[in-house]
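# Fold and geometry: a report
The primary structure of each chain is shown beneath.
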Amino acid sequence: YIGGGTPSILSEAQIKTLAQIIEQNFGPVKNFKESTFEANPESLTEPKLKLLKTLGFNRLSIGMQSLADKELKAIKRAHTKAQFLAAYKTAQKYFDNINIDIIAGLPGQTLAGFKKTLQGALALAPRHVSVYGLQAEEGTPLYDGGFEPDDKLGRQMLELAASYLKKAGYEHYEISNFAKRGAQSLHNINYWQNGQYLGLGAAAASYIKGARAANTEDLQKYIKGGKKDICERLRGKAKVGETILLGLRMLGGLELTPVMQKYFGKDFAELKKQKLIKQNKNNMRLSKEGLFMANIVFRHFVEPF
């Protein structure tokens, strides 16, 4: 998965070099079960798309966010609706497995406006759609500008998205992700199933043999060979809690084990009482209400132990 930032800003020569380095260390890109390349419309050209296809990439993720220029401008995106549609049309010539990202709750966005974005997105028939509720994080321009998301309106948008996408044949398989049959993201599922992953690049994170590590955010230090710092090695209740938290992100939920019951039995009981989770035999999953209150559910499993 080449992403985090905007890889499509790389030149063709840089993309080719990147693929060569991957091959030298891990084998050809074409040998990966799934190989995703993230892109933004303003930097995605036909020559780059041809090259990515030739190198063996088989999945593309394009940041659409919205199909309303005013909304894109409000969050300072560099592309317009027309640029996105042109880039997507060209991408379809080379890739049939494309994800698009949509954001709900943008400044000035109405329910009717969000519906238009959804309709426009579905008309493109992507195989995968990610829908995220906007959060104004501290330190971002939106937060500093005093923007406060309308939680009620944001929920209406997310409910509308889930309904529309389901009717259009997409499976809602994770809180924010929808896919056509067979198009679920293997990369993302690996995270949610607490699988191992190796992060390469400045600020990249890894999870290997139970240890979490992160590269320095300082690019020059990284280039000089800055080693990964062990951030944490979860054990006992903390590790079990994380497994539950990640597993509950999947709509299919997770299979409960005796150790989960041992550590979090009281939490499960409280959450069931609040109707935020539901249980069928040994399977535990978020309820419909829980999908929209997931952060409240997850707090039960990440408190200091």
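Attention here is on the structure that accompanies the text.

What counts and how
Residues numbered from 1 in each chain as written. Predicted model: local features only at pLDDT ≥ 70, side-chain atom pairs only at ≥ 80, totals over all residues. Heavy atoms only, no water. Buried < 20%, exposed > 50% of the residue type's maximum accessible area, 1.4 Å probe, protein only. Helix = DSSP H or I, 4+ residues; strand = E, 2+ residues; numbered from the N terminus. Arc of directions from axis to C-beta. Contact = heavy atoms within 4.5 Å. Pairing = 2+ DSSP bridges. Axes fitted to C-alpha atoms, helices over the stretch in contact; angles between N-to-C directions. 1 Å grid on protein atoms, 1.4 Å probe; cavity = no way out; pocket = protein on both sides within 12 Å on 5 of 7 lines; lining within 4 Å. Points joined across faces, edges and corners; volume = space filled by probe spheres on them. Nonpolar A, V, L, I, M, F, W, Y, C, P; charged D, E, K, R; others polar. Core = buried A, V, L, I, M, F, W, Y, C linked by side-chain atoms within 4.5 Å. Patch = residues over 30% accessible without salt bridge, like charges linked within 9 Å, V, L, I, M, F, W, Y side chains within 5 Å. Areas by Shrake-Rupley, 256 points an atom, 1.4 Å probe, with all protein chains shown as cover. Salt bridge = Lys/Arg side-chain N within 4 Å of Asp/Glu carboxyl O. Phe/Tyr/Trp six-rings, centres within 6.5 Å; stacked < 30°, edge-to-face > 60°. Lys NZ or Arg CZ within 6 Å of the ring centre and 35° of its normal.

The next subject is helix H2 (residues 46-55). Within H2, burial applies to Lys 48, Leu 49, Leu 51 and Leu 52. Viewed end-on, H2 has its buried residues packed into an arc of 165°, placing them on one side of the element. Tucked into the core, H2 has its buried residues touching helix H1 (12-26), strand E1 (36-39), strand E2 (59-65) and helix H4 (81-91). Once H2 finishes, Gly 56 follows within two positions and takes phi at roughly 110°, a positive value.

A word on the sheet that holds strand E10 (residues 254-255). Strand order in the open sheet formed by three strands is E10-E12-E11, with antiparallel pairing between adjacent strands. Strand pairing shows two members of the sheet lacking a second neighbour, E10 and strand E11 (277-280), which therefore form its edges. Looking at chain direction, E11 and strand E12 (residues 283-286) are connected through four bridges and run antiparallel. Opposite Gln 279, over in E12, you have Met 284 as the bridge partner. Strand contacts of helix H11 (residues 258-273): E10, E11 and E12, with the helix running at about 120° to E11, the strand carrying the most contacts.

Here the focus is the layout of surface pockets. Looking at the largest pocket, its volume works out to about 1700 Å³. Taken together, 39 residues line the largest pocket, and the ones lying closest to its centre are Tyr 1, Ile 2, Gly 3, Leu 198 and Leu 200. Elements supplying a minimum of two residues to the lining of the largest pocket: H1, E1, helix H8 (186-192) and helix H9 (219-223). Considering each element in turn, the lining of the largest pocket owes the most residues, seven residues, to H1. Each pocket or cavity is described by its volume, and for the second largest pocket that value is around 1200 Å³. Lining the second largest pocket are 38 residues, and of these Leu 158, Ile 175, Leu 291, Phe 292 and Met 293 lie nearest its centre. Sorting elements by how many residues they give to the lining of the second largest pocket places helix H7 (residues 151-167) first, with nine residues. Taken together, the residues of the lining of the second largest pocket sort by class into 19 nonpolar, nine polar and 10 charged.

Our next topic: the environment of Met 293. One can find Met 293 in the loop between helix H12 (288-292) and helix H13 (294-299). Under the relative-accessibility criterion, Met 293 is labelled partly exposed at 29%. Between the C-alpha atom of Met 293 and that of Met 250, which follows or precedes it by 43 residues, the distance is 14 Å.

As defined by bridge partners, strand E7 (residues 205-208) adjoins strand E8 (residues 211-214) across four bridges and the pair is classed as antiparallel. Its bridge partner lying in E8, Ser 206 is registered against Ala 213.

It is worth spelling out the nonpolar core at this point. Core analysis: the largest hydrophobic core is formed by 37 residues, its most contacted members being Leu 60 and Phe 114. Leave out the neighbours within four places in its chain, and Leu 60 touches Phe 37, Leu 44, Leu 49, Leu 52, Ala 91, Phe 95, Asn 97, Ile 98 and Asn 99. Counting residues in hydrophobic clusters, the runner-up holds 21 residues, among them Ile 175, Val 240, Phe 268 and Met 284.

With that out of the way, let us pick up a nonpolar patch on the surface. On the surface, Phe 26, Phe 32, Leu 198, Leu 200 and Ile 208 cluster together into a nonpolar patch covering about 480 Å² of accessible area. With respect to the helices and strands, Leu 200 occurs in the loop between H8 and E7.

Think of a pair of aromatic rings as described by two things: how far the centres are apart, and how the planes are tilted against each other in angle. What the rule picks out here adds up to eight aromatic pairs. Taken together, a centroid distance of 5.2 Å and an interplanar angle of 70° make the contact between Phe 264 and Phe 301 edge-to-face. Placement of the pair is Phe 264 in helix H11 and Phe 301 in the segment after H13, with a sequence separation of 37 residues. Its relative accessible area of 1% is what places Phe 264 among the buried residues. Ring-pair connections join several aromatic residues into one group, and the members of that group are Tyr 263, Phe 264, Phe 268 and Phe 301. Just above the ring of Tyr 207 sits the side chain of Arg 212; from NZ or CZ to the centre is 4.0 Å. In this structure, Lys 237 packs its charged tip against the face of Phe 264, placed 5.3 Å from the ring centre.

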